[in-house]
Amino acid sequence: MSVLVLALAVSAAFCLGTGFVLQQNAAQQAPLSDFLSPRLLLDLMRVPRWLGGIGLMVAGMILSAVALSQGEISLVEPLVATNLLFALALSRRQTRQPLGRQGWTGLVLLAGGVTAFIVAGRPRAGDAVTDPVRHWVIIGAMVGAALVLTTYAKKSRMIIGPSLLALAAGLLYGVQDALTRVSGQRLTTGGWAEFITGWQPYAVLALGVTGLVLVQSAFETAPLRMSLPALTAAQPLAGIACGVGFLGDRLRTDTGALAWEASGLAAIVLGIVLLGLHPAMPRGLGEVEQEKDLQPR
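Below, the structure is looked at part by part. For clarity, every value in this text was computed on a predicted model and none was experimentally measured.

Topic: the nonpolar core
- Counting residues in hydrophobic clusters, the biggest one holds 75 residues, and the most contacted among them are L228 and L231.
- Top contributing element to this core by residue count: helix α8 (residues 161–197), with twelve residues.
- When sequence neighbours within four positions are dropped, the list of residues in contact with L228 reads F20, L84, A87 and M281.

Considering a nonpolar patch on the surface
- A cluster of nonpolar side chains, contributed by L42, M45 and L51, occupies part of the molecular surface with about 290 Å² of accessible area.
- Secondary-structure assignment places L51 in helix α3 (residues 48–70).
- Relative accessible area serves as the criterion here: at 42%, L51 is assigned to the partly exposed category.

Here's the deal with the packing of aromatic side chains
- Tallied over the entire structure, the rule returns four aromatic pairs.
- Pairing F20 with F219 gives two aromatic rings, centres 6.1 Å apart and planes at 75°, and the pair type is edge-to-face. Within this pair, whereas F20 is found in helix α1 (residues 3–27), its partner F219 is found in helix α9 (residues 200–221), the two being separated by 199 residues in sequence.
- Look at F20 and you get buried, because its relative accessible area is 5%.

Considerations on the environment of T253
- Take T253: it is sitting in the loop between α10 (228–247) and α11 (255–276).
- Judged by relative accessible area, T253 falls into the exposed class, the value being 61%.
- As a C-alpha pair, T253 and L90 span 163 residues in sequence and 38 Å in three-dimensional space.

Side note on unusual backbone geometry
- Located in the positive-phi region is R122, a residue other than glycine, with phi close to 45°.
- Within the secondary structure, R122 sits in the loop between α6 (100–121) and α7 (132–156).

Re α11
- The first and last C-alpha atoms of α11 sit 31 Å apart over 22 residues, in line with the 32 Å expected at 1.5 Å per residue.
- For α11, the full list of buried residues reads A257, E261, G264, A267, I268, G271, I272, L275 and G276. For α11, the arc enclosing every buried residue in end-on projection is 150°, short of the 170-degree limit, so these residues lie on one face.
- The secondary structure elements touched by the buried residues of α11 are α4 (73–80), α5 (83–95), α6 and α10.

Conventions used here
- Residues numbered from 1 in each chain as written.
- Predicted model: local features only at pLDDT ≥ 70, side-chain atom pairs only at ≥ 80, totals over all residues.
- Heavy atoms only, no water.
- Core = buried A, V, L, I, M, F, W, Y, C linked by side-chain atoms within 4.5 Å.
- Buried < 20%, exposed > 50% of the residue type's maximum accessible area, 1.4 Å probe, protein only.
- Helix = DSSP H or I, 4+ residues; strand = E, 2+ residues; numbered from the N terminus.
- Contact = heavy atoms within 4.5 Å.
- Patch = residues over 30% accessible without salt bridge, like charges linked within 9 Å, V, L, I, M, F, W, Y side chains within 5 Å.
- Areas by Shrake-Rupley, 256 points an atom, 1.4 Å probe, with all protein chains shown as cover.
- Salt bridge = Lys/Arg side-chain N within 4 Å of Asp/Glu carboxyl O.
- Phe/Tyr/Trp six-rings, centres within 6.5 Å; stacked < 30°, edge-to-face > 60°.
- Expected span 1.5 Å × (residues − 1).
- Arc of directions from axis to C-beta.

Listed below in structure tokens is the structure:
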């Protein structure tokens with residue numbers, strides 16, 4: 001594994017994790033009438049803390065894109081998933097909650113899972129699939145699943161809606177990462193002419209804006225622990241699926257390696273859930289309103 005890719009991916013994780021906490025701090029103050037509306041972004045643009053969080057997220061996405069240009073998506077995505085560690089670190093500083101057994105277990109599972117997956121799988125580059133049908137089947141499945149999750153989220157709203165929205169956004173961000181890598185390859189091989197004439201850069205922009213609306217709506221209505229775990233778990237899984245499915249990423253496929261890879265991914269997801277559900281994670285507007293209703297008048 002390249003030290004440069006490791007440094008870029010971990011730096012991206014730091015920017016993303018810190019940015020998510022700042023965004024949620026600001027989004028929980030937005031009016032609930034902006035739920036799943038582009039107006040939400042317009043309202044949040046007036047909040048300096050949110051702009052700072054977006055700036056960090058953009059920096060994280062740029063660092064992630066550079067990492068993707070230097071390494072395989074199946075390698076970069078698990079490393080970027082450690083953004084939850086940095087989100088928890090900032091949240092603990094704000095809430096002064098100790099890590100406890102849950103926090104340490106989640107940390108060990110996440111770090112150990114990332115290590116196990118990378119060491120066992122040994123992600124490496126291969127020949128990208130040129131059949132456009134395979135591209136569209138995988139991308140269509142991810143986008144279609146995100147659409148279904150968003151539809152159900154609108155119905156459930158404050159119950160499991162935030163988790164479903166975050167899961168949908170994670171799927172879109174995973175596809176966005178894959179198309180970012182394709183766009184970078186087109187720019188490298190064909191220059192700006194080939195870059196701007198392809199559909200991939202515009203899809204990256206559309207997926208980014210759509211994912212942003214979904215994430216901010218999730219941040220607005222619920223505690224970070226109800227949204228960030230789903231977002232953080234879905235993105236690397238979707239990215240790896242795209243990487244192996246049509247970008248040509250290759251993983252070891254012998255029985256022992258597959259077992260360790262599956263165990264590593266399972267540990268990553270479980271670690272993300274434990275860390276994301278940690279009491280240190282900031283609360284959302286919905287939880288604050290519920291506490292107000294329970295207080296004696």
